[in-house]
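Structural description and commentary
Listed below, chain by chain, are the residues.
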Amino acid sequence: MAVALLLASCSGSSNSSEAGSTTTTAAAGKRDGGTGGGQPTDLPVQVDPDQPTAQATFDVSPGTETVTVTGAEPGERMSLVDRDGKRLIILRTDKFGQAHFAYIPTELLEFQTGGKAQLPSMDGTVVEAGDGYTIRAEDRSPVQVSDAFKVLGRDDNPPGSFFDQQAGDLVPPNDQTQMFGYVTTRDGVKLSVMVRLPGPPSKGPYPTVIEYSGYGPSNPGATEPGSMIAGFVGYASVGVNMRGTGCSGGVFDVFNTAQQVDGYDAVEAIARQPWVKDHKVGMVGLSYSGITQLYTAATDPPSLAGVTSLSVIKDPWLEQWPGGVYNGGFTKQWLSERDSQSAAGGTTWVQKRIDEGDTTCEEHQKLREQNIDFEAFGRSLEHRPAQADGRDLSKLVSKIKVPVYLSGAWQDEQTGPQFADMLGNFTSTPVHKFVLFNGRHPDGYTPFNLSRWYEFLELYVNHKVPKLDPAIRALAPAVFEQFFHIPGLEFAPDRFESFTPDQYEEAKAWYEATPDVHVMFDVGADAEHPGKPTPSYTKDYETWPPAGIATKAFYLDANGALSDVRPRRTGVDRFLNDPDSASKTFFAPDPGYELLAPTWTFDWTDFAPGNAVSYVSKPFAADTVLGGPGYAELEMRVPDGDADVQVSLSLIDTAGTEWHVTTGLLRLSDRKIASTDGLRIDRTFSVEDSEPMPAGKFEVVKVALPSFAQTFRKGDRLKVEISGPGRDFGAWAFEAIGDEGTPRDITRGAGQASRLMLGVLPGITDIPDVVAACPSLRGQACRTYEARTNTPAE
């Protein structure tokens, strides 16, 4: 169990870099778009219906919004043709005679595949579902044409009989408790899986969970964290590698529709195994395997019992372009490592399987030649394409119809806090429970969160009254101390103590009647053990943001003041663009990013004088809890037509310590607002909505601030700092636009007064008197506050 919890600290595995460094290089300049290396072709768009053709001798495998060609000659030109005889794209096969069609440019172009080739990006679309498609081998004489075929769509689910045929495929032989195997998806791709049972199959059935990602969940030699912890509390687990990763077949992509429906197929095939209790499965995992749960649940597999998503994202595009600013830190590194590890032989365990005679795994590696460079691909998406909606979880979670448990940290240094924007979109779930807190990326596995995670699994997967084994509860403090390096940590008290084992329905009804949102405050502020993952107090709500949240305005004022009332006098303050700061994080170089340390070592540096403006409120006269999403409404002027702007909120406590709270980003050309909901702002970030700032003129912009929940006690002060990107993040670093020293001006005072608009959380009383040591609050950078003087504009 100690090993399990230690491994649980990482959101991936030994194959993941999520506990690694985030060294990046900032580069000023505009983002690149375009056709990603496509070349003009001598072939016409329209196929000549009178041209002589022959039957294809190559193989065509249509899938979900994809088509794969194998068995061709290397370097051949293969055209994808629609039902109207229109050539959509031309791919040259790789060294194995393969080509994979997934993205279509807006004009007919040729692309060489293989070797991480670039494919169409911002100006294209995906292969749309439909029938009547053909593939043409253009260089053969006569031209060879495949039979017409159908490209599957998201909702083209196989009949139940397709999965019934796999019912006995994952039964460990000779009553053993483990086996490596494969499940077959609707398009014939085989996904590698690792089955781990808590006992022999003959002693089942067992409550079962799936962990699904592109890391190493099917690695026989290393169990993913969620699966390992589930195993210790009596669950069977099945680790499933996404297509194009591990020993799985297919071509890798990042959360595309094929991977989403693969989750459906894995659920249905695994649920039919004879050792699965009730032939229903749950899902577990944090980060990558937390995110995939939501994608899978949105496809509505009938045999899914519930999901437990920890540390998730909202929208993959926004992860790489938060606020329209390129994230050259963690997201860039993560995508680069997905590219390298999904390559043939990209992980040692896969090569070990091949060396031991797994011919299926070996054959699957050939198609890895068709993987494209997704870091470069995503970077080329200068504006958010409409097709990104198909991977936007905030638009997909409304389709989820099973119970959901979700936890996340406002200051998650890897995936960020944007997930909170979608918490109101779980409109079809029968039950959803959210746990929110200040903290770090792996904190979904802290003792309290594990307690709530276990409750959920017992109720909706195992269908029992939650009763943690007393032996595990007794051992927990010693185990947690080894993991967190902090004594005295325990599982939360048993909330179901009053229910007997035969009162399952009553226990479930009580659970479902409890508030849906549990918010923890001041996590880590323990005076004796700084960084201890326990809160000083909590508050429950029915929704996030809570009903009854009040709005409070804070106005930018003269002399760096942040006022409660609109100032009467007008002024203009200026900061200078500082692109070199974009790559700087708040971690100290030595020891750097220590994921498991009780507290982090910070080197949270401020901008040089003149490169930022800051405003500080008067001390709060009473305890006030600010939270929910918010925004900074700024009247700004830039001379170069565009700018990357960062707005950071921090708390200055009565001891003179400054604590980072949250940060919003915006590329000003993306300022157009699509919709608002209370204090939340939504944007399309589309090319159609992009518009340069007016030259030399002031214009009002609103910089969205992610959700947070922060206690400002009597005597504390609120600070807002406005600058270019950088310095205020742990694992995110940026590539900012604009020349060094270019002025950015902000008005304040009467007329259009620049201001912060923040929420005041309702119903919180009896706040404990806490002055946290620096460092201690989990996920929150701290430093000694130093007053700054703003520079007025000329």
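Structure: see above.
Because the structure is predicted, anything quoted here is derived from the model rather than measured. (Residues numbered from 1 in each chain as written. Predicted model: local features only at pLDDT ≥ 70, side-chain atom pairs only at ≥ 80, totals over all residues. Heavy atoms only, no water.)

**A closer look at the overall build of the protein**
Short version of the rule: Note on conventions: DSSP H or I runs of at least 4 residues are helices, E runs of at least 2 residues are strands, and numbering of each starts at the N terminus. Computation of the radius of gyration draws on C-alpha atoms alone. For the globule rule, the value is 2.2 Å times the number of residues to the power 0.38. Buried, partly exposed and exposed residues are distinguished by accessible area as a fraction of the type maximum, computed with a 1.4 Å probe on protein chains only: under 20%, between the cut-offs, and over 50%, respectively. By definition in these notes, contact holds between two residues if any of their heavy atoms fall within 4.5 Å. Only the protein chains shown count as cover for residues, with accessible areas throughout obtained via the Shrake-Rupley method and a probe of 1.4 Å. In this tally, Asp and Glu contribute negative charge and Lys and Arg positive charge; neither His nor the terminal groups of the chain are included. For the purpose of locating charges, the reference atoms are NZ of Lys, CZ of Arg, CG of Asp and CD of Glu.
Scanning the protein from terminus to terminus reveals 14 helices and 39 strands. Taken over C-alpha atoms, the radius of gyration comes to 27 Å for the protein, in line with the 28 Å a tight globule of 794 residues would show. Its C-alpha atoms give the protein principal-axis dimensions of roughly 80 × 70 × 45 Å. Out of the 794 residues in the protein, the part that is buried amounts to 63%. Excluding contacts between residues fewer than 6 apart, the proportion of contacts in the protein whose partners are at least 24 apart in sequence is 76%. Of the accessible surface of the protein, which amounts to about 28000 Å², a share of 49% is contributed by carbon and sulfur atoms. Side-chain charges in the protein split into 70 positive and 105 negative, and the spacing between the mean points of these groups amounts to 4 Å.

**So, the packing of aromatic side chains**
Note the threshold: Ring pairs shown here join Phe, Tyr and Trp side chains whose ring centres sit within 6.5 Å, with only the six-membered ring taken for Trp; geometry is labelled stacked below 30 degrees between planes, edge-to-face above 60, and tilted in between.
Applying the stated criterion across every chain yields a total of 37 aromatic pairs. Ring centres of Phe 496 and Phe 499 lie 6.0 Å apart, and the angle between their planes is 45 degrees; this geometry places the pair in the tilted category. In terms of burial, Phe 496 and Phe 499 fall into one category: buried. Taken together, the ring pairs connect Tyr 405, Phe 456, Tyr 460, Phe 496, Phe 499, Trp 510 and Tyr 511 into an aromatic cluster.

**Notes on the layout of surface pockets**
Selection rule: Here the term cavity refers to a set of points on a 1 Å grid, laid over the protein atoms alone, in which a 1.4 Å probe fits but cannot get out; the term pocket refers to an open set having protein on both sides within 12 Å along at least five of seven lines, with lining residues being those that place an atom within 4 Å of a point. Grid points are joined across faces, edges and corners, and a volume is the space filled by probe spheres set on the points. Throughout, the ten residues Ala, Val, Leu, Ile, Met, Phe, Trp, Tyr, Cys and Pro are labelled nonpolar, Asp, Glu, Lys and Arg are labelled charged, and all others, Gly among them, are labelled polar.
Of the voids in this model, the second largest pocket is the one considered here, and its volume is about 720 Å³. If you go around the second largest pocket, you meet 42 residues; those closest to its centre are Val 254, Pro 316, Trp 317, Leu 381 and Arg 391. Listed by contribution, the elements that provide at least two residues to the lining of the second largest pocket are strand 9 (125-126), helix 5 (288-297), helix 6 (316-320), helix 7 (330-341), helix 10 (374-379) and helix 11 (393-396). Looking at the lining of the second largest pocket residue by residue, the classes come out as 19 nonpolar, 13 polar and 10 charged.

**Focus on the side chain of Asn 611**
Structurally, Asn 611 is set in the loop between strand 26 (571-576) and strand 27 (612-617). The class of Asn 611 is buried, set by a relative accessible area of 13%. In this structure, Asn 611 is in contact with Phe 575, Leu 576, Asp 578 and Ser 723, ignoring residues within four places of it in sequence.

**Structural notes on unusual backbone geometry**
Excluding glycine, most residues fall at negative phi; most peptide bonds, likewise, are trans. Residue Pro 545 follows Trp 544 across a cis peptide bond; omega there is -5 degrees. For Pro 545, the position within the fold is in the loop between strand 23 (537-541) and strand 24 (550-556). Of note, the amide linkage connecting Asp 590 to Pro 591 takes the cis form, showing an omega dihedral of 15 degrees. Unusually for a residue other than glycine, Asp 175 sits at a positive phi of about 60 degrees. Tracing the backbone shows Asp 175 in the loop between helix 2 (160-164) and strand 13 (178-184). Look at Asp 175 and you get partly exposed, because its relative accessible area is 35%. Phi angles above zero are rare outside glycine, and His 463 is one such case at about 55 degrees. Within the fold, His 463 resides in the loop between helix 12 (447-462) and helix 13 (470-484).

**Considering the side chain of Asp 187**
Put simply, the rule is: A 3.5 Å cut-off defines polar contacts: any pair of N or O atoms within that distance qualifies, except that in protein one atom must be a possible hydrogen donor and the other a possible acceptor, and neighbouring residues in sequence count only when both atoms are side-chain atoms.
Of note, Asp 187 is situated in the loop between strand 13 and strand 14 (190-196). At 2.7 Å, the side chain of Asp 187 forms a polar contact with the side chain of Thr 185. Polar contacts involving the side chain of Asp 187 include one to the main-chain amide nitrogen of Val 189, which spans 3.3 Å.

**Focus on the pairing of strand 21 (residues 432-437)**
The two faces of a sheet get side chains in turn, since along a regular strand they alternate between them. In plain terms, the rule: Two strands qualify as a pair provided that DSSP identifies no fewer than 2 bridges between them.
Across the 6 residues of strand 21, 6 count as buried, placing the element largely inside the fold. The alternating pattern of strand 21 places His 432, Phe 434 and Leu 436 and Lys 433, Val 435 and Phe 437 on opposite faces, both of which are buried. Across 6 bridges, the pairing between strand 20 (residues 404-409) and strand 21 is parallel. Looking at strand 21, one finds that Tyr 405 is bridged to Lys 433. In this sheet, strand 22 (residues 517-521) lies alongside strand 21 in parallel orientation, the contact comprising 4 bridges. Looking at the pairing, Val 435 lines up with His 518 of strand 22.

Bear in mind that shape data such as this cannot, by itself, settle questions of function.
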